There are 2 protein chains.
Amino acid sequence: MKLKIQEVMIETGGPYIVIINNQDAELLDLHNGDRVKVSNGKKSIVAKIDIATDSTFIKKGRLGILRETLQKLNLKNNSTVNLSLEAKPQSIKFIKKKLFGEKLSKKEIKSIIEDIVANRIDDIELSYFVAACHTRLMDEEEIVNLTKAMIETGDRLNFRREYVVDKHCVGGVAGNRTTMIIVPIVSAHGLLMPKTSSRSITSPAGTADTMECLANVSFSIEKIKRIIKKTKACIVWGGAINLAPADDRIIKVEHPLAIDSRSQLIASILAKKASVGATHVLVDIPVGKGSKIENAHQAVSLKEQFEHIGKKIGIKITCILTDGSHPIGRGFGPNLEARDVLYVLKNSPEAPSDLKHKSVLMAGRILEMTKKAKKGKGYQMALNTLESGKAFEQFRKIVMAQGIKTLSPSMLKAGRFRIEVNAGKTGLITEINNDFISRIARIAGAPRDKGAGILLHANKNDKICRKDLIFTIYSNNKQRLGFAREFLKNHQPFTIK
Amino acid sequence: MKLKIQEVMIETGGPYIVIINNQDAELLDLHNGDRVKVSNGKKSIVAKIDIATDSTFIKKGRLGILRETLQKLNLKNNSTVNLSLEAKPQSIKFIKKKLFGEKLSKKEIKSIIEDIVANRIDDIELSYFVAACHTRLMDEEEIVNLTKAMIETGDRLNFRREYVVDKHCVGGVAGNRTTMIIVPIVSAHGLLMPKTSSRSITSPAGTADTMECLANVSFSIEKIKRIIKKTKACIVWGGAINLAPADDRIIKVEHPLAIDSRSQLIASILAKKASVGATHVLVDIPVGKGSKIENAHQAVSLKEQFEHIGKKIGIKITCILTDGSHPIGRGFGPNLEARDVLYVLKNSPEAPSDLKHKSVLMAGRILEMTKKAKKGKGYQMALNTLESGKAFEQFRKIVMAQGIKTLSPSMLKAGRFRIEVNAGKTGLITEINNDFISRIARIAGAPRDKGAGILLHANKNDKICRKDLIFTIYSNNKQRLGFAREFLKNHQPFTIK
């Protein structure tokens, strides 16, 4: 059936939706939620049907398409498209197969990933895929095939160099904003580091959210190439480009429950790294109570799986196990974390020493992996680069190339409203819970509210008095701050003994 | 924030959605998909935010609410409501807990079910709950608690009688429309049978879809009580009333993958039965290749679990194992199944004998369970009631009380378009695959297209010739018929040897 496009001014951020007049729907025997194919002869998409119950909204013969969808498809208001019924994609069957505990073949995994990228699978169906992989687990062969399928369904960078470096942290540690310090240190040594980062899934801020406080992070792939040509490095948001795009949709449905399954974790990371053309990747696996990986046994098994699967994808992976039992840095939330990064790069007295030393350690390791430093000499070399100001100089170049917002910590405002929290007890701080820190910061509005988050005034192993201020919660939204206060009642992040 | 309601003429059939102007969204720091509470002082709902990108659609100060939501909430266009941020419900945590394989407490299950009923959990989150129960399984205590929570969050009927009977089939067999025959037989003997049925999940038609071809099936609980007072029985759609309403939302997200997990199955059935006040319930467990339960071992374990959990809920459950290896009846799809039912009730020569005898067997068993018949005498008593025409007379009363559409098989039209399928091979029909029959009928448009479905021209164990017509596929939609033809290529429902 031919229909004329009517632009609809709603954003949903969800899968494609088209709206049809109820008389047309009856003619085509279409019902809410049915899958249809919309094509203009050249391009086509699969969308779900909503029905307009009144002709004043969508007239007979018209097809309402959301502006975000129109833009993605280069369709124009008032142009004519063809609407036809679309059968359920075959990959639904494979998702169900996995949910029943069976192993998926290479072809079946490819088919699922292609349908995810083409938006032919809706959020409910995708949630079942994530749940299936999470509860039924994937074996090594399936993870390799998942990774390859993710790479093949996206764009790729290719630098034709012996060393293209990258790093990744499997997460679970609040703060821990090492990327923005490592990239300038190693690229100051001439190494190519095309760093794409994600926005947060379960943390108060991802590197992309934090970097965005200082510079732009959304670029086309062509623009990224130009930035790298100029500065040898970049720190950009991976979601703005089409690298392993299936991953972004998967992350979106993992979000509501903050799920992070191992197969998705490995495939997601390796696919992104392979897509930017990385040859050598350092993976940080934080271990400890309250982080994602709670014991050394799990960490070693993850390390082995990473290095093994990396080899099959053609990337040299080096994993390091770090202390993940407490937050790294002082601020948690985009602006507060960006401040910490600037303090370290500027060698300011406010620099959190844990963040500084972990970043230098990792940068040193990358220098060793790429023969820039002799074995055992990387740390000192990286420290010199940082303390001499060369790393900040290189960071400034990257920020300028990406479009500077600020490099001044005082411009990075914390939220207008705050809750100040006292120790309530005299003693020794024996624990700071990563998970509670992250959740409080998120409840307060991070990462979308750049100023929201937590600022610590005391560290693990500090002795404190009852009336000492131990942390402040910031937010630009009073209601959210109220929720945070509520949550705090039963979830004290500090253990004082 | 106070906003004025603007009615939006779209139907989505999904969770509550409200649409806000982008300037208001910014003020409140709201983003697509955020949870908000909309209240008018008395009532409140939790909805998800969509953002209007243009003021001509939703003006500043207005809140777009879909007509279906307005109606549900008794809100009026142009009235003023208050909008506030809503924190994530705590039950999300419990869903995640189950997904990680932990057992849920009574309180946790209640909290999840309450949030499902109040629409505070979205489809993605609910999908994870279904997937978690499906892959992690629930133990008996969890299923009892799930059942109780479903009962307690809905309305209940209470007849204060020694015997209030009900029946259920766990499904998996195409056709098998016994309810519409059993209800008139047993209620003709004075037994109270307040039968609420569901629409189809994975079959070409549920009893509610089929009954709807002959009479109305959507009634308020008050109206149902009046129908039962008049005729001692009813055959209505359970979804129109508020009996164990959580179940309906769960079924909706099971639909895309046609999932049917054991814990949901038992809880769903027992909750519905308890809600209508049933004291004695006969459960039909079809066993055999291609049905839901493939072997006797599984069937016996399900039977034991049913009877055991029934006792804990206070219902006497009797399970019978029946042959589920082939479809029951001749037609599959609402109109075609309704025809079969009428042929049996009218003792017509076209009556499918498998449907007739299974229905009589089950009705007889219920007569024995309730002491209407002596042990071993139920079958003959039920058969007499059917063949004497008393069952049809009673069925006519029920149909009249519910608002008759037709009782004439010739009024029940098959779809306008058809595909006739020949045997293609001479031999003996050794198998008719339930699953393929159901899927072909559904692809052709059943149950929404009442005329869509399959009509068999041959049965299991028939000898046939190459050119014999074995079945016809009907549809009112040519495109759907094309999909059915495509599916048929690789999924032949008949095995001929």
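Note that the structure is predicted; figures quoted are calculated from it, not measured.

1. A closer look at the overall build of chain A
The number of helices and strands found in chain A is 18 helices and 19 strands. Relative to the globule expectation of 23 Å for 497 residues, the C-alpha radius of gyration of chain A, 24 Å, shows essentially globular dimensions. Seen through its C-alpha atoms, chain A measures out along the principal axes to roughly 75 × 50 × 45 Å. Evaluated residue by residue, chain A yields a buried proportion of 61% over its 497 residues. Sequence-distant contacts in chain A: of pairs separated by 6 or more residues, those separated by 24 or more amount to 79%. By element, 49% of the accessible surface of chain A is carried by carbon and sulfur atoms, the whole surface being about 19,700 Å².

2. Some points on the interface of chain A and chain B
With 53 residues of chain A at the contact, the number on the chain B side is 53 residues. A combined buried area of about 4,900 Å² lies between chain A and chain B, and 57% of that area is made up of carbon and sulfur atoms. In this structure, the connection of chain A to chain B is made through four salt bridges. The closest approach of N and O atoms between A:D34 and B:R480, which form a salt bridge, is 3.7 Å. Taken together, the links from chain A to chain B amount to nine residue pairs in polar contact (both at pLDDT 80 or more). Residue assignment for the side of chain A that touches chain B shows that the elements contributing at least two residues are strand 2 (10-11), strand 5 (44-52), strand 7 (80-85), helix 3 (91-99), helix 5 (123-136), helix 10 (246-254) and helix 18 (478-490) of chain A.

3. Examining the packing of aromatic side chains
All names here are of chain A. In this structure the tally under the stated criterion is five aromatic pairs over all chains. Between F436 and F487, the ring centres sit 6.3 Å apart and the planes meet at 85°, which makes this aromatic pair edge-to-face. Here F436 is found in helix 17 (residues 434-443), whereas its partner F487 is found in helix 18, with 51 residues between them in sequence. Of the two residues, F436 and F487, both sit in the buried class. Summarising the aromatic geometry, the rings of F471 and F494 are spaced 5.5 Å apart at their centres and angled 10° between planes, so their arrangement reads as stacked. Of the two residues, F471 sits in strand 18 (residues 469-475) while F494 sits in strand 19 (residues 494-496), which places them 23 residues apart along the sequence.

4. Topic: the relation of the copies chain A and chain B
Expressed as a screw transformation, the operator carrying chain A onto chain B has a rotation angle of 179° and an axial translation of 0.0 Å, and the superposed copies differ by an RMSD of 0.1 Å. Such values leave the two copies arranged in the relation of a two-fold axis. When C-alpha positions in chain A are compared against the rotation axis, the closest is assigned to A:I124, at 2.7 Å. Comparing interface residues between copies, 100% of those in chain A also lie at the interface in chain B; the contact surface is shared.

5. Some points on the confidence of the model for chain A
Confidence in the prediction of chain A, expressed as mean pLDDT, is 91, and 99% of residues score 70 or more. With a pTM of 0.79, the predicted complex shows an ipTM of 0.76.

6. A few points about the packing of helix 9 (residues 221-231) of chain B against helix 16 (residues 390-402) of chain B
When two helices pack together, you describe them by how their axes are tilted relative to each other and by the distance separating the axes. All names here are of chain B. Two numbers describe how helix 9 lies on helix 16: the axes approach to 10 Å, and their chain directions differ by 150°. With respect to helix 16, the element helix 9 is oriented roughly antiparallel. Between helix 9 and helix 16 the crossing geometry is right-handed. Contact with helix 9, carried on its side by K223, I227, K230 and T231, involves Q394, K397, I398, A401 and Q402 of helix 16 and no other residues of that element.

7. Considering the pairing of strand 3 (residues 17-21) of chain A
Residue and element names in this part refer to chain A. Within strand 3, five of the five residues are buried, leaving the element largely enclosed by the surrounding structure. Burial of the side chains of strand 3 extends over both faces: I17, I19 and N21 are buried on one face and V18 and I20 on the other. Pairing of strand 3 with strand 6 (residues 62-66) involves three bridges; the strand directions are antiparallel. Directly across from V18, in strand 6, lies its bridge partner I65.

8. What to know about the nonpolar core
One recurring pattern in soluble globular proteins: nonpolar side chains tend to sit buried together. If you look at the biggest cluster of nonpolar residues, it comprises 135 residues, and the most contacted ones within it are A:Y128, A:F129, A:F306, B:Y128, B:F129 and B:F306. Setting aside its immediate chain neighbours within four residues, A:Y128 contacts A:I95, A:L99, B:S127, B:V130, B:A131, B:V253, B:E254, B:L257 and B:I259.

9. Quick notes on the state of the cysteines
Put plainly, a disulfide is one covalent bond tying together the sulfur atoms of two cysteines. Summed over all chains, the structure comprises zero disulfides over all chains. A:C234 takes part in no disulfide bond, and the closest cysteine sulfur, belonging to A:C213, lies 18 Å away.

10. Brief notes about the pattern of salt bridges
In total, this model carries 60 salt bridges over all chains according to the counting rule given. In this structure, A:D115 and A:R120 form a salt bridge, with 2.5 Å as the shortest nitrogen-oxygen distance. Taking the relative accessible area as the measure of exposure, A:D115 reaches 7% and is therefore buried. The exposure class of A:R120 is partly exposed, given its relative accessible area of 27%. Between B:R249 and B:D123 there is a salt bridge; the shortest N-O distance is 3.1 Å.

11. A look at unusual backbone geometry
Residue and element names in this part refer to chain A. Residue P447 follows A446 across a cis peptide bond; omega there is 0°. When you line up the elements, P447 lands in the loop between helix 17 and strand 16 (453-456). Phi angles above zero are rare outside glycine, and N78 is one such case at about 75°. In this structure, N78 sits in the loop between helix 2 (67-73) and strand 7.

12. Side note on the pairing of strand 5 of chain A
Across the nine residues of strand 5 of chain A, seven count as buried, placing the element largely inside the fold. Both strand 3 of chain A and strand 5 of chain A contribute to a ladder of five bridges, which runs parallel. Bridge pairing links A:I20 to A:I51 in strand 5 of chain A. In sequence, strand 4 (residues 35-39) of chain A turns back onto strand 5 of chain A through a hairpin of four residues, with A:G41 there showing a positive phi of about 95°. Of the pairings in the sheet, the one linking strand 5 of chain A to strand 2 (residues 10-11) of chain B comprises two bridges and is antiparallel in character. Residue A:I51 lies in a different strand from strand 2 of chain B, and its bridge partner there is B:E11.

13. Focus: the sheet that holds strand 11 (residues 280-287) of chain A
All names here are of chain A. Within the open sheet, the three strands sit side by side as 8-11-12. Their pairing is parallel. Because the sheet does not close on itself, it has two edges, and the strands there are strand 8 (165-169) and strand 12 (316-323). If you compare each strand with its neighbour and ignore which way they point, the axes differ by 20° on average. Relative to strand 12, strand 11 is paired through eight bridges, and the arrangement is parallel. Residue V287 lies in a different strand from strand 12, and its bridge partner there is D323. Together, strand 8, strand 11 and strand 12 form the strand contacts of helix 14 (residues 353-369), whose direction differs from that of strand 11 by roughly 145°.

14. A word on the sheet that holds strand 15 (residues 427-432) of chain B
Residue and element names in this part refer to chain B. With antiparallel pairing, three strands are arranged side by side in an open sheet as 17-15-19. Here the strands that pair on one side only, and so sit at the sheet edges, are strand 17 (463-464) and strand 19 (494-496). Here strand 15 runs beside strand 19; their pairing, made up of three bridges, is antiparallel. Residue pairing for strand 19: I432 is matched across the bridge by F494.

15. Quick word on the packing of helix 6 (residues 140-152) of chain A against helix 11 (residues 262-275) of chain A
Residue and element names in this part refer to chain A. Running from amino to carboxyl end, helix 6 crosses helix 11 at an angle of 40°, the nearest separation of the two axes being 8 Å. Here helix 11 runs oblique to helix 6, going by the angle between their axes. Classified by chirality, the crossing of helix 11 by helix 6 is right-handed. Between helix 6 and helix 11, the residues in contact are I143, L146, T147, M150 and I151 and S263, Q264, I266, A267, S268, L270, A271, A274 and S275, respectively. Broken down by class, the residue content of the contact of helix 6 with helix 11 amounts to nine nonpolar, five polar and no charged.

16. Examining the environment of B:K223
In this structure, B:K223 sits in helix 9. Taking the C-alpha atoms as reference, B:K223 lies 9.9 Å from B:A401; in sequence the two are 178 residues apart.

Cut-offs used in this document
- Residues numbered from 1 in each chain as written.
- Chains lettered and ligands numbered in written order.
- Predicted model: local features only at pLDDT ≥ 70, side-chain atom pairs only at ≥ 80, totals over all residues.
- Heavy atoms only, no water.
- Helix = DSSP H or I, 4+ residues; strand = E, 2+ residues; numbered from the N terminus.
- Rg over C-alpha atoms; globule rule 2.2 N^0.38 Å.
- Buried < 20%, exposed > 50% of the residue type's maximum accessible area, 1.4 Å probe, protein only.
- Contact = heavy atoms within 4.5 Å.
- Areas by Shrake-Rupley, 256 points an atom, 1.4 Å probe, with all protein chains shown as cover.
- Buried area = accessible area lost by both parts, 1.4 Å probe.
- Salt bridge = Lys/Arg side-chain N within 4 Å of Asp/Glu carboxyl O.
- Polar contact = N/O pair within 3.5 Å; in protein donor to acceptor, adjacent residues only side chain to side chain.
- Phe/Tyr/Trp six-rings, centres within 6.5 Å; stacked < 30°, edge-to-face > 60°.
- Least-squares fit on C-alpha atoms with pLDDT ≥ 70 in both.
- pLDDT = per-residue confidence, 0-100.
- Axes fitted to C-alpha atoms, helices over the stretch in contact; angles between N-to-C directions.
- Parallel < 35°, antiparallel > 145°, perpendicular 65-115°, else oblique.
- Left-handed = near helix turned anticlockwise from the far one by under 90°.
- Pairing = 2+ DSSP bridges.
- Core = buried A, V, L, I, M, F, W, Y, C linked by side-chain atoms within 4.5 Å.
- Disulfide = S-S within 2.5 Å.
- Nonpolar A, V, L, I, M, F, W, Y, C, P; charged D, E, K, R; others polar.

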